[in-house]
Amino acid sequence: MAHYTQLVPDVSFLADVDLTTHQYKFVTVASTVGNVKLATGASNPAPVGILQNSPSLGQEARVRVFGESVVAASGNLGGCQLAYGRYGMVASNGLFQSLSTESGCTVAGRWLDAATTGATGSVFGRVYLYPAGFTASNAAAS
């Protein structure tokens, strides 16, 4: 089994909203400088990274911005399941999901775990994060 080492430290922000139930989901910049909020598929700019703790409003939010992280993912969204090595993006609820189209969406990372065959809800797995992502037209869709 491959072992990945995290060499980039997490970055500290403040929670702009209550994020106590959003650990391991994607976050993005909030309107207040230095704050983050839950990311959505429409996040603009691209998500900052994955939340590593579960802060309340105003508490420190530790965010993994690059490298390997645990991630909360959608096991099967629109019939497109995650599989080892597949690129993914951020869903509307902050979860990681497999690309189903090369529609120009921002790739957030690459799934490093087993396939999610048969999973219908949220699952947890490992992902390799890409800083600021890149567009899906440069990556293979599912």
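In what follows, the structure referred to is the one given above.
None of these values were measured; they are calculated from a predicted model.

Where strand 1 (residues 11-15) meets strand 3 (residues 35-38), two bridges bridge the pair, whose relative direction is parallel. Among the inter-strand pairings, A15 is bridged to a residue of strand 3, identified as V36. The sheet contact formed by strand 2 (residues 26-29) and strand 3 spans three bridges and is antiparallel. Across the sheet, residue V29 finds its bridge partner in strand 3, namely V36. Linking two consecutive strands that pair antiparallel, namely strand 2 and strand 3, is a turn of five residues; a positive phi of about 90 degrees is found at G34 within it.

So, about the pairing of strand 9 (residues 87-90). Pairing of strand 9 with strand 11 (residues 106-111) involves two bridges; the strand directions are antiparallel. Its bridge partner lying in strand 11, G88 is registered against G109. Sheet topology note: the strand 9/strand 10 (residues 96-98) ladder contains three bridges and is antiparallel. Note on strand 10: the bridge partner recorded for M89 is Q97.

In this description, a pair of aromatic rings is defined by centroid distance and the angle of the planes. Under the counting rule described, the total for this entry stands at four aromatic pairs. Centroid distance F26 to F96: 6.3 Å. Interplanar angle 25 degrees. Geometry classified as stacked. Pair noted here: F26 is in strand 2 and F96 is in strand 10, with a separation of 70 residues, a long-range link. Comparing F26 with F96 shows no difference in burial state: the two are buried. Relative to Y128, the ring of F66 has its centre 5.7 Å away and its plane inclined at 75 degrees; by these criteria the two rings are edge-to-face. You can see F66 sitting in the loop between strand 5 (60-64) and strand 6 (67-74) and its partner Y128 sitting in strand 12 (residues 122-135), a full 62 residues away along the chain. Members of the aromatic cluster, connected to one another through ring pairs, are F26, F96 and W111. The residue whose ring lies beneath R110 is Y87, and the NZ or CZ to ring-centre distance is 4.4 Å.

Okay, the nonpolar core next. One finds F26, I50, V71, A73, F96, W111 and V127 to be the most contacted residues of the largest nonpolar core, which totals 13 residues. Secondary-structure elements contributing two or more residues to this core are strand 6, strand 11 and strand 12. Looking at this core, the element that brings in the most residues is strand 12, giving three residues. When near neighbours in sequence (up to four residues on either side) are disregarded, V127 contacts I50, G67, E68, S69, V71, F96, G109, R110, W111 and L112.

What counts, and at which threshold
Residues numbered from 1 in each chain as written. Predicted model: local features only at pLDDT ≥ 70, side-chain atom pairs only at ≥ 80, totals over all residues. Heavy atoms only, no water. Pairing = 2+ DSSP bridges. Helix = DSSP H or I, 4+ residues; strand = E, 2+ residues; numbered from the N terminus. Phe/Tyr/Trp six-rings, centres within 6.5 Å; stacked < 30°, edge-to-face > 60°. Buried < 20%, exposed > 50% of the residue type's maximum accessible area, 1.4 Å probe, protein only. Lys NZ or Arg CZ within 6 Å of the ring centre and 35° of its normal. Core = buried A, V, L, I, M, F, W, Y, C linked by side-chain atoms within 4.5 Å. Contact = heavy atoms within 4.5 Å.

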